[in-house]
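# Commentary on secondary and tertiary structure
Listed below, chain by chain, are the residues.
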Amino acid sequence: MTLAAENIGVRLGSRQLLADVSLTLKPGELVFLLGPNGAGKTTLLRTIAGLVPASGRVLWKDTDLARMNIRERARLMAYIPQGHVAHWPVTAREVVAIGRFPHASSLSRLSAADDAAIDKALASADAQHLADRIVTELSGGERARVMLARALAVEAPVLLADEPVAALDPEHQIGMAQLMRQLARDGRAVLAVVHDLTLASRFGDRVIVLNAGRVVAEGEPLQTLTPDLLRQVFGINAEVLKTETATALVPWSRTNSNRSE
Amino acid sequence: MPTATNARALGLMVALALLVGVLCVVSLQIGSVPLAPRTVLAALAGQGDPVDVIIVRELRLPRTILAALIGATLALSGAALQGLLRNPLAAPSVFGAPSAAAFGAVTAIALGFADTLSYTLPVAAIIAALVSVAALFALAGASANILTLLLAGLALSSLASAGVSLALNLAPNFYAALEIAFWLLGSLEDRSFQHVAMAAPFMVVSWLLLLAPRSGLTALTLGEDVARTSGVQLGRLRAMTLIGVASGVGASVAVAGVIGFIGLVTPHLVRPLVGHDPARVHVPAMLAGAALLLAADIASRLIPATSEIKVGVLTSLIGVPFFIWLVLRQRSRDLMQVVG
């Protein structure tokens, strides 16, 4: 019951976006994918989701995902893209119902089981009170929860989320991270791209660090995000602050103030 | 809740179907010989004055049937394009698909491949519409960017108009040019059951292709990545929409000329009542489109003028201001998003 990406490579024209990337993801764990801008995090997540043509393979329980049909695959993995876009002013419940597409023959005739899955997903994402609201009128935090509920309604064992906490206020960031950890505890495999190293090191079971299209480090967050790695990959110095109740990794300064980015 | 929405949508569809029925009867009444509703219904059944029977069954019935079929087909094309491109400003006439179809048909006539009553005509119109919609998809790409889409549409509709102008320019004589020009105005005058038989098969194909994959449009609400990872076969959905829109628009143009803006307007009329889920819009939009074109065709016969006002002119006169209003509404919405 493991998702394994093996030797993933993605080229776009003359640019090598990903090279020889391998990773595993097990049910019950929350893994954060880290890396500076342009490292290939989104490309990797989209490749695992089957959205990008790539060399190498992605396996689930020894089955190559390329051999699965598109609906089987949709039931295995739920993917939440960046930005939480909704193109039509539909209700939050209608958005969450889209999660049943891989199961239902038609979204206009949902079964009782589909309705139950939608209710459960709304509850798990703490979004029941938003069900009848128009999704384009929700705040960023509310919309993030509705998009998570849509992915949960798929009832897939694997959840892939691209920057689920971007543009959220601190309360909603912590809330979203706790939700993702709870989902992992409930038996899902969760892989999420984040930029917030503090959040990743606090809530992640593991982190995978990408730089220039390659995996450069992987493991338990605070052991992996060493001063050397943070300097080389992110160009920053970080402080690890300890109190009686908390240990926090806090990005503090740039190693080279002349660095343009 | 969904059940309430379903009930409301069903109620709306029943109401629209009744409206279409009433407008059909009115359409059969109106003309140089006005007839009472009772006379019309009797004549439909073949009873009463033989002259009335001929007027109703052979002159007015094909026109009425065509108005309903073309209205429904154009509205469905608009709803399908708006859903696929996730853009409320999308519609065949905005991108010049009807002009392209007209160019195809005119060229076929001019080159002597088709006369106005052969199946070659809709086929030529469909092929030209197919090229135009395919070019639009290629130019606008996968993005739902409104600006790219409208610019691509502008370029394509200009090209189609230029093609039609060329056909007019090269017309062998004045009368041929006049015939083409009148045909381009879009009219349902003097259409027979031969026209119905010529267009209906292609329209049915168009309906099947556009209605079958509509659940996929709902998933597209969250963008192409979510749709694809939800199991939507996007390539198939695009191809079905492309062929469906082209055969619907091509068949309509082949028998009635260019009748614009039904596809743009009708989805907007039904959305406030059935919600914005793109899959829910299709069937009510078809009924509303049938009602709208029937009403426009009735109006074209009632407006006093030396020659009958062409229905295509009428729909454009209503449709273009509506389009401008949509653009203005979109602009104020974008502005609100910038302000916060």
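Above: the structure in question.
So, here's what we can say about the structure. Within any chain, residue numbers begin from 1 and follow the written order of that chain's sequence. The order in which chains are written sets their letters, starting at A; the order in which ligands are written sets their numbers, starting at 1. Local features in this predicted model are restricted to residues whose pLDDT is 70 or higher, and side-chain atom pairs enter the listing and the counts only when it is 80 or higher, whereas totals over whole chains, interfaces and linings include all residues.

Moving on, we come to the overall build of chain B. Under the scheme used here, helices are H or I runs from DSSP no shorter than 4 residues and strands are E runs no shorter than 2 residues, and both carry numbers assigned from the N terminus. Within chain B, the regular secondary structure consists of 14 helices and zero strands. Each helix and strand of chain B, placed in order from N terminus to C terminus, yields the pattern α-α-α-α-α-α-α-α-α-α-α-α-α-α. Scaling as 2.2 N^0.38, a compact globule of 340 residues should have a C-alpha radius of gyration of about 20 Å, and chain B matches this with 20 Å. Principal axes of the C-alpha set define a box for chain B whose edges measure 65 × 55 × 35 Å. In chain B, which comprises 340 residues, the proportion classed as buried is 51%. Here the contacts in chain B between residues at least 6 apart in sequence split such that 76% fall between residues at least 24 apart. For the radius of gyration, the atoms used are the C-alpha atoms, and the globule rule reads 2.2 Å times the number of residues raised to 0.38. Residue burial here comes from a neighbour count, namely the number of other C-beta atoms, placed from the backbone, that lie within 10 Å of the residue's own C-beta, with 20 or more meaning buried, 12 or fewer meaning exposed, and in between meaning partly exposed. Each residue gets a C-beta atom placed from its backbone, and two residues are in contact if those atoms lie within 7 Å.

Buried Ala, Val, Leu, Ile, Met, Phe, Trp, Tyr and Cys residues form a nonpolar core when they are connected through C-beta atoms within 7 Å. Ranked by internal contacts, the top residues of the largest apolar core, which has 190 residues, are B:Ala105 and B:Ala129. In terms of residues, this core owes the most to one element, helix α3 (residues 50-85) of chain B, which gives 17 residues.

On to the environment of B:Ile262, then. Residue and element names in this part refer to chain B. Its place among the elements puts Ile262 in helix α12 (residues 262-274). Residue Ile262 is classed as buried on the basis of its 31 C-beta neighbours within 10 Å. With 184 residues separating them in the primary sequence, Ile262 and Gly78 have C-alpha atoms 7.8 Å apart. The contact partners of Ile262, leaving out residues within four places of it in the chain, are Gly71, Leu74, Ala75, Gly289, Leu292, Leu293 and Thr315.

What follows is about the interface of chain B and chain A. As a measure of interface size, the accessible area lost when the parts come together is often cited. With 20 residues of chain B in contact, the opposing surface of chain A contributes 24 residues. The element contributing the most residues to the side of chain B that touches chain A is helix α10 (residues 224-229) of chain B, with four residues. Of the residues assigned to the side of chain B that touches chain A, the class counts are six nonpolar, ten polar and four charged. In this count, Pro and Cys sit with the nonpolar residues alongside Ala, Val, Leu, Ile, Met, Phe, Trp and Tyr, while Asp, Glu, Lys and Arg are called charged and the others, Gly among them, polar.

The description of two helices packed together rests on the angle between their axes and the distance between the axes. Residues and elements named next belong to chain A. Between helix α4 (residues 112-124) and helix α5 (residues 140-153), the shortest axis-to-axis distance is 8 Å and the interhelical angle comes to 140 degrees. Considering their axes alone, α4 and α5 lie oblique with respect to each other. As α4 runs across α5, the sense of the crossing is right-handed. Of α5, the residues touching α4 (which contributes Ala117, Ile118, Ala121, Leu122 and Ser124) are Ala149, Leu152 and Ala153. To get an axis, fit a line to the C-alpha atoms, keeping to the stretch in contact for a helix; angles then go from 0 to 180 degrees between the N-to-C directions. Should an angle fall under 35 degrees it is called roughly parallel, over 145 degrees roughly antiparallel, and 65 to 115 degrees roughly perpendicular, with every other angle called oblique. With the far helix as reference, a near helix turned anticlockwise by less than a right angle produces a left-handed crossing, and one turned clockwise produces a right-handed crossing.

Time to look at the sheet that holds strand β10 (residues 214-219) of chain A. All names here are of chain A. Pairing between strands is defined by DSSP: at least two bridges between the two strands are required. Here we have six strands laid out as an open sheet, ordered β6-β7-β8-β3-β9-β10, and mixed in their pairing. Two strands in the sheet have a free side with no partner beyond their single neighbour: β6 (77-80) and β10. In this sheet, neighbouring strand axes are inclined to one another by 15 degrees on average, regardless of whether the strands run parallel or antiparallel.

All names here are of chain A. Across the sheet, four strands lie side by side as β2-β1-β4-β5; this open sheet has antiparallel pairing. Two strands lie at the open edges of the sheet, namely β2 (15-25) and β5 (63-64), each paired on one side alone. Pairing between strand β1 (residues 3-12) and β2: seven bridges, direction antiparallel. Residue pairing across strands places Ala5 opposite Leu23, the latter belonging to β2.

All names here are of chain B. Between α3 and helix α8 (residues 193-211), the least distance of the axes is 10 Å, while the angle of their chain directions is 25 degrees. Of the possible angle classes, the one that applies to α3 and α8 is roughly parallel. Handedness of the α3/α8 crossing: left-handed. Where α3 abuts α8, its residues Pro62, Ile65, Leu66, Leu69, Thr73, Leu76, Ser77 and Ala80 lie against Phe193, His195, Val196, Ala199, Ala200, Met203, Ser206, Trp207 and Leu210. A per-class count over the contact of α3 with α8 returns 13 nonpolar, four polar and no charged.

Before going further, it helps to spend a moment on helix α4 (residues 97-110) of chain B. Residue and element names in this part refer to chain B. A helix is expected to reach a length of 1.5 Å times the quantity of its residues less one. Compared with the 20 Å implied by 1.5 Å per residue over 14 residues, the 20 Å span of α4 between its first and last C-alpha is a close match. In terms of residue burial, α4 counts as a mostly covered element, since twelve of its 14 residues are buried. Buried within α4 are the following residues: Ala97, Pro98, Ser99, Ala100, Ala101, Ala102, Phe103, Gly104, Ala105, Val106, Ala108 and Ile109. Where α4 ends, the next residue or the one after it, Gly112, has phi of about 80 degrees, a positive value.

Here we come to the environment of A:Ala66. Residue and element names in this part refer to chain A. Along the chain, Ala66 turns up in the loop between β5 and α2 (70-76). With 11 C-beta atoms packed within 10 Å, Ala66 lands in the exposed category. For the pair Ala66 and Ala167, spaced 101 residues apart in sequence, the C-alpha separation works out to 34 Å.

On to helix α13 (residues 278-302) of chain B. Residue and element names in this part refer to chain B. Taking 1.5 Å per residue, 25 residues should reach 36 Å; α13 reaches 35 Å between its end C-alpha atoms and fits that length. Its axis deflected by about 35 degrees at Pro284, α13 carries its strongest bend there. Most of α13 is tucked away: 20 of the 25 residues are buried. One fitted axis covers the seven residues ending at a residue, a second covers the seven starting there, and the bend at that residue is the angle between these axes.

To continue, consider unusual backbone geometry. In the Ramachandran plot, A:His84 falls in the positive-phi region, its phi being about 55 degrees despite a non-glycine side chain. Position of A:His84 among the secondary structure elements: in the loop between β6 and α3 (92-97). The backbone phi angle of B:Arg86 is positive, close to 50 degrees, even though this residue is not glycine. Mapped onto the secondary structure, B:Arg86 falls in the loop between α3 and α4. What makes B:Arg86 buried here is the crowd of 22 C-beta atoms within 10 Å.

Right, let's get into the pairing of strand β9 (residues 206-211) of chain A. Residues and elements named next belong to chain A. Pairing analysis gives four bridges linking strand β3 (residues 30-34) to β9, with the strands arranged parallel. For Val31, the partnering residue across the bridge sits in β9 and is Arg206. Relative to β10, β9 is paired through five bridges, and the arrangement is antiparallel. What sits directly across from Asn211, in β10, is Arg214. Between the antiparallel neighbours β9 and β10 lie two residues, among them Ala212 with a positive phi of about 50 degrees.

Residue and element names in this part refer to chain B. Residue placement: Leu10 occurs in helix α1 (residues 2-29). Note on Leu10: 12 C-beta atoms within 10 Å, which makes it exposed. With 264 residues separating them along the chain, Leu10 and Val274 place their C-alpha atoms 9.1 Å apart.

A word on the pairing of β3(A). On any regular strand, side chains alternate: one points to one face of the sheet, the next to the other face. Residues and elements named next belong to chain A. A large share of β3 lies buried, amounting to five of its five residues. In β3, alternate side chains face the same way, and those of Leu30, Phe32 and Leu34 on one face and Val31 and Leu33 on the other are all buried. Across four bridges, β3 lies against strand β8 (residues 189-193) in parallel orientation. By the bridge assignment, Leu30 is partnered in β8 with Val190.

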